[in-house]
Amino acid sequence: GNTGSATKTFSTNACGGGAGGGGASATSKPVTNTVSEIKPGVASVVKFTDATTGVKQIEITVNNPAQNVQITVTKYDGKPVAVSVVKSGTVYQYVQISTQNLADKLATAKVQFKVEKSKVSDKNKVVVSKFDETGKKWNELPTTLSSEDSTYFYYDVEVSSFSYFAISENVATSGSAGNAGSDGTTGSAGGSSLTWLWVVIGVVVLALLIW
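An account of the accompanying structure is given in this report. (Residues numbered from 1 in each chain as written. Predicted model: local features only at pLDDT ≥ 70, side-chain atom pairs only at ≥ 80, totals over all residues. Heavy atoms only, no water.)

1. Notes on the pattern of salt bridges
Part 1: Taken as a whole, this structure holds 4 salt bridges when the rule is applied.
Part 2: The residue Glu140 makes a salt bridge to Lys87 at a minimum N-O spacing of 4.0 Å. Placement of the pair is Glu140 in strand β8 (residues 137-141) and Lys87 in the loop between β4 (66-76) and β5 (91-100), with a sequence separation of 53 residues.
Part 3: For Glu140, a relative accessible area of 45% gives the class partly exposed.
Part 4: A residue is classified by how much of its surface remains accessible, and Lys87, at 8% relative accessible area, is buried.
Part 5: Salt bridges sharing common partners tie together Lys117, Lys123 and Glu148. (Salt bridge = Lys/Arg side-chain N within 4 Å of Asp/Glu carboxyl O. Helix = DSSP H or I, 4+ residues; strand = E, 2+ residues; numbered from the N terminus. Buried < 20%, exposed > 50% of the residue type's maximum accessible area, 1.4 Å probe, protein only.)

2. Quick look at the packing of aromatic side chains
Part 1: Under the counting rule described, the total for this entry stands at 6 aromatic pairs.
Part 2: For the pair Tyr76 and Tyr164, a centre-to-centre distance of 6.3 Å together with 55° between the ring planes defines the contact as tilted. Of this pair, Tyr76 sits in strand β4 while Tyr164 sits in strand β11 (residues 164-169), and the two are 88 residues apart along the sequence.
Part 3: Under the relative-accessibility criterion, Tyr76 is labelled buried at 11%.
Part 4: Classification of Tyr164 by relative accessible area gives buried; the value is 10%.
Part 5: Judged by centre distance (6.1 Å) and plane angle (50°), the ring pair of Tyr152 and Tyr154 falls under tilted. For the pair shown, Tyr152 and Tyr154 are each scored as buried.
Part 6: The rings of Tyr94, Phe131 and Trp138 are connected pair by pair, giving a single aromatic cluster.
Part 7: Against the face of Tyr154 rests Lys56, its NZ or CZ located 4.6 Å from the ring centre.
Part 8: Over the aromatic face of Tyr152 sits the side chain of Lys114, whose NZ or CZ is 4.8 Å from the ring centroid. (Phe/Tyr/Trp six-rings, centres within 6.5 Å; stacked < 30°, edge-to-face > 60°. Lys NZ or Arg CZ within 6 Å of the ring centre and 35° of its normal.)

3. Remarks on the sheet that holds strand β9 (residues 144-148)
Part 1: An order of β2-β3-β6-β10-β9 is seen for the 5 strands of this open sheet, with the pairing classed as antiparallel. Two strands in the sheet have a free side with no partner beyond their single neighbour: β2 (44-47) and β9. The average angle at which neighbouring strand axes cross in this sheet is 20°, direction not considered.
Part 2: Of the strand pairs in this sheet, strand β3 (residues 55-62) and strand β6 (residues 106-116) are connected by 7 bridges, and their pairing is antiparallel. (Pairing = 2+ DSSP bridges. Axes fitted to C-alpha atoms, helices over the stretch in contact; angles between N-to-C directions.)

This is how it looks when you write it as structure tokens:
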């Protein structure tokens, strides 16, 4: 006549899935910093001391006063599930930056990303790309190597909005891209010059025969 009960609590991590052939789970817990107020004309620097975020700091300038601004940074070891396109080339890390109470007030922001030196083959070839959620593509951003220490390289980029970012190696494409014209077509500038040269020679020879 005895009775009993038992319970078991557990948690799972969802595997990759969704658009673009799946993606990776976050490799760091989302880190959120809150700024009580940001005023126009005065840049506010938000620092991230957690070593796992992939971001050292974000310098924010606003057009209009912003209160209770929340900035959340999450680092991924592979393409995030929500991103439909894999960044080509060698990607060192993906980072998502999201905000609350800022989007319609943001003027510019300078983000300082950090990459472990042990991952980088050439510090001068690192580029930060931002995911265009409307166009479903990665756009490379002007990236500046600002400093380094014993563990990290630090890179600065300027943005006017936040999204997903990929820090990767910028490898120049091979082939005849250097000969592409402004309309995207390819051709040989040297061949064009030789054509004119033969035309001139032909005219000269014809003139001598007539003479």
